[in-house]
Amino acid sequence: MKAVININGRDRELSFEPHENLLEVLRRYGYSSIRKGCDTTSCSVCTILIDDKPVHSCSYLVARAEGHKITTVEGVEGEAEKIANLLIDEGVDQCGYCSPGFVMTLMGLKNELKNPTDEEILDYFMGNLCRCTGYVGQLTAIKKYLEVK
Ligand code: FES
Ligand code: FES
């Protein structure tokens, strides 16, 4: 199968099998920021944005993506760097494996919720399983990025 899909602001023609998901196919096309962290759709490591909302790329068929706008970390490197620096400032050293999913989720939150409460932020990040570096520093960095008190 083939489909033209807008990825990071550019239309690309992708070839794929009917059963393939975005995680597999986008990685094959060089979007290596997207990672696989589980087989059960439960870790959020593979998160990308579809039409500015976070989606698990491991469970989204490529065929469904035609006509939608996809964003990966490769398309938002400046924002990703800003988020990484805010995390580092709070002593939160997210590893390179889970960071892309974290960044995409945070950007989705920024698109969807204005002035979220702590509870709303924690709820939004419920699916991001990595808490290797704890919760408090992450939450502080997230709020600095969102510019909420
Ligand atoms: S790889 Fe774990 S939710 Fe997609
Ligand atoms: S899995 Fe990356 S810091 Fe925990």
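A short tour of the structure in this document, coming up. Values in this document were obtained by computation on a predicted structure and should not be read as measured data. (Residues numbered from 1 in each chain as written. Chains lettered and ligands numbered in written order. Predicted model: local features only at pLDDT ≥ 70, side-chain atom pairs only at ≥ 80, totals over all residues. Heavy atoms only, no water.)

1. Describing the packing of aromatic side chains
Logical step 1: Across all of its chains, the model carries one aromatic pair by this definition.
Logical step 2: Relative to phenylalanine 125, the ring of phenylalanine 102 lies with its centre 5.0 Å away and its plane at 45°, an arrangement referred to as tilted. With phenylalanine 102 in helix 3 (residues 99–112) and phenylalanine 125 in the loop between helix 4 (118–124) and helix 5 (136–146), this pair connects stretches of sequence that are 23 residues apart. You'll find phenylalanine 102 and phenylalanine 125 in the same group, each marked buried.
Logical step 3: Its guanidinium or amino end placed over the ring of tyrosine 60, arginine 64 lies 4.0 Å from that ring's centre, counting from NZ or CZ.
Logical step 4: One Lys or Arg, lysine 110, reaches over the ring of tyrosine 145 and ends 4.4 Å from the middle of that ring. (Phe/Tyr/Trp six-rings, centres within 6.5 Å; stacked < 30°, edge-to-face > 60°. Helix = DSSP H or I, 4+ residues; strand = E, 2+ residues; numbered from the N terminus. Buried < 20%, exposed > 50% of the residue type's maximum accessible area, 1.4 Å probe, protein only. Lys NZ or Arg CZ within 6 Å of the ring centre and 35° of its normal.)

2. Here's the deal with the pairing of strand 2 (residues 10–15)
Logical step 1: Inspection of the sheet shows strand 1 (residues 2–7) paired to strand 2 by six bridges, in the antiparallel sense. Looking at strand 2, one finds that valine 4 is bridged to glutamate 13.
Logical step 2: Between the end of strand 1 and the start of strand 2, which pair antiparallel, lie two residues, with asparagine 8 showing a positive phi angle near 55°. (Pairing = 2+ DSSP bridges.)

3. Looking at a nonpolar patch on the surface
Logical step 1: There is a patch of nonpolar side chains on the surface, built from Leu122, Tyr135 and Val136 and spanning about 330 Å² of accessible area.
Logical step 2: If you trace the backbone, valine 136 turns up in helix 5. (Patch = residues over 30% accessible without salt bridge, like charges linked within 9 Å, V, L, I, M, F, W, Y side chains within 5 Å. Areas by Shrake-Rupley, 256 points an atom, 1.4 Å probe, with all protein chains shown as cover. Salt bridge = Lys/Arg side-chain N within 4 Å of Asp/Glu carboxyl O.)

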